[in-house]
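Residue-level structure breakdown
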Amino acid sequence: KITSRPPESAALALNNGCDINCGNVYNNLILAYDEGLISEETIRRSAVKAIEIRMKLGNIGGSIWDGVSDSVLCSKTNSDLNMKISEESLVLLKNDGLLPLDRDKVKKIAVIGPNANNETALLGNYHGVPDKSITVLEGIREAIPDADVYYTEGTHLYKDDDGGDQNSYLSEAKHMALASDVTVLVTGLDETVEGEDCGDRDSLLLPNCQRKLISAVLSVGKPVVIVNMTGCATDFDDADDKANAIVQAWYPGALGGRAVARLLFGDFCPSGRLPVTFYRNTDPLPGFSDYSMKDRTYRYIKYKPLYEFGHGLSYTAFEYSDPVISAEEGIAEVTVKNTGSRQASTSVLLFAKADSPLSPPNPSLCGFERTVPIAPGQSVKVSVRLSKYTFTVVDDDGRRVKIPPEKVRFTVRL
């Protein structure tokens, strides 16, 4: 409610450096120009920048990618890279010791949920068509070919039905869970309900039909792993306490189902971290029209979230020592030791908080670095490059103010 008319909004945005408008407000730029709200020079500057980016991307005038063949796109090198990215993106949120699963002990496994065999949920928004896709169900069948794998959707992705069909699905899911050594419950959303054209969510909870399915499977009392496929933070409600393990898989790519299965059976150690805060619910969050930062994001939250920014478990353990901060060089060095029993990588997260009334309530991430795989008992020295904003704060007028290095306190998280 800063402006009263679309031409004023268009001029305000472009004058402040917003070169691209994904809606239709910039259709009013000629009116804004005629009214003297914006100059031709400003319009021309933004137009040149926008066209230049499209040329660099090859959207205009061709690009170096035009001649790339399908054999290159679908090569083993790119397929292996796809797998590596999928594996490193998975975040182990909770594990009471159930994971990794032992192939020799899992003879019967139930794979249940609307995303268990959903190829759409692998890809998220804005994607091409992969040469092949591997769902979680297919990945698990591939990982344990000699086991009995039971499968049911259990419920629709989001439609709630209190009729006989849903009760029948829930009964089938409970029967499968009871007959199995462990259940992998694959929940979440996909691009049909989570995307630009799908509207805003009014809750962080999973759809009600999925919550019913989770409750039904958990009520059996057998081991349960939840694999959640969403592009956003999720409130798992009671399932967070009752499930044995939770994996946040996001939309893990065409080979994501294989990556999930490899994590579940311990073929690699999970090392992904949350890039957002998982809130317990939306009640403490400010209203949509409140633009203050109070209780928003990890920097301003004043209560314990469900899972904090940067959270992510491993199948091994690490400890750090000897942190050295060089403000002049903008580098921090930390020694990381693998104190567990499995080789694995981890990420060093460096947080900073300035001793200033202008600082956010909580420390802010100022640098991170992924380690090489570290063998049990071994140590490596990790260099973390500091953000250029580490020794600054923002005043009430939006200007960055320098802070002496001795006024900044650092914390390390593994």
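Everything discussed here concerns the structure shown above.
Conventions we followed
- Residues numbered from 1 in each chain as written.
- Predicted model: local features only at pLDDT ≥ 70, side-chain atom pairs only at ≥ 80, totals over all residues.
- Heavy atoms only, no water.
- Patch = residues over 30% accessible without salt bridge, like charges linked within 9 Å, V, L, I, M, F, W, Y side chains within 5 Å.
- Areas by Shrake-Rupley, 256 points an atom, 1.4 Å probe, with all protein chains shown as cover.
- Salt bridge = Lys/Arg side-chain N within 4 Å of Asp/Glu carboxyl O.
- Helix = DSSP H or I, 4+ residues; strand = E, 2+ residues; numbered from the N terminus.
- Buried < 20%, exposed > 50% of the residue type's maximum accessible area, 1.4 Å probe, protein only.
- Contact = heavy atoms within 4.5 Å.
- Polar contact = N/O pair within 3.5 Å; in protein donor to acceptor, adjacent residues only side chain to side chain.
- Pairing = 2+ DSSP bridges.
- 1 Å grid on protein atoms, 1.4 Å probe; cavity = no way out; pocket = protein on both sides within 12 Å on 5 of 7 lines; lining within 4 Å.
- Points joined across faces, edges and corners; volume = space filled by probe spheres on them.
- Nonpolar A, V, L, I, M, F, W, Y, C, P; charged D, E, K, R; others polar.
- Lys, Arg positive; Asp, Glu negative; His and termini not counted.
- Axes fitted to C-alpha atoms, helices over the stretch in contact; angles between N-to-C directions.

Looking at a nonpolar patch on the surface
Taken together, the side chains of I64, W65, V68, V72 and L73 define a hydrophobic patch exposed on the protein surface, amounting to about 550 Å² of accessible area. Within the element layout of this structure, W65 appears in the loop between helix 3 (40–56) and helix 4 (70–73). What makes W65 exposed here is its relative accessible area of 60%.

What to know about the environment of Q248
Following the sequence through the fold, Q248 ends up in strand 6 (residues 245–248). On a C-alpha basis, the gap between Q248 and A233 in space is 9.3 Å, while along the polypeptide they are 15 residues apart. Residues contacting Q248, with those up to four places away along its chain left out, are S89, L90, V91, L93, N228, T230, C232, F236 and F278. A polar contact is formed between the side chain of Q248 and the side chain of N228, at a distance of 3.0 Å.

Focus: the pairing of strand 8 (residues 331–338)
Among the 8 residues that make up strand 8, 6 are buried, leaving the element largely enclosed by the rest of the structure. Between strand 7 (residues 318–326) and strand 8, which follow one another and run antiparallel, lie 4 residues, and G330 among them has a positive phi close to 65°. In this sheet, strand 11 (residues 379–385) lies alongside strand 8 in antiparallel orientation, the contact comprising 7 bridges. Residue pairing across strands places V334 opposite V382, the latter belonging to strand 11.

Let's talk about the layout of surface pockets
Computed from the structure, the largest pocket encloses a volume of approximately 570 Å³. Here the lining of the largest pocket is built from residues that sort into 7 nonpolar, 4 polar and 5 charged.

Digging into the side chain of K353
Note on placement: K353 falls in strand 9 (residues 347–354). No salt bridge is formed by the buried K353; its nearest oppositely charged neighbour, D355, is found at 6.8 Å. For K353, the side chain forms a polar contact with the main-chain oxygen of P360, separated by 3.5 Å. Ignoring sequence-local partners within four residues, the contact set of K353 consists of S359, P360, P361, N362, P363, K407, V408 and R409.

A short note on the pattern of salt bridges
Throughout the structure, instances matching the rule amount to 15 salt bridges. R103 is paired through a salt bridge with D267; the nearest N and O atoms lie 3.0 Å apart. Here D267 lies in the loop between helix 11 (256–264) and helix 12 (297–300) and R103 lies in the loop between strand 1 (91–95) and strand 2 (108–112), a separation of 164 residues in the sequence. Look at D267 and you get partly exposed, because its relative accessible area is 33%. Overlapping salt bridges bring together E87, R103, R262 and D267 as one network.

Here's the deal with the sheet that holds strand 8
With antiparallel pairing, the 3 strands of this open sheet are ordered in space as 7-8-11. The sheet terminates laterally at strand 7 and strand 11, the two strands that pair on one side only. Recorded for the sheet is a direction-independent mean angle of 20° between the axes of neighbouring strands.

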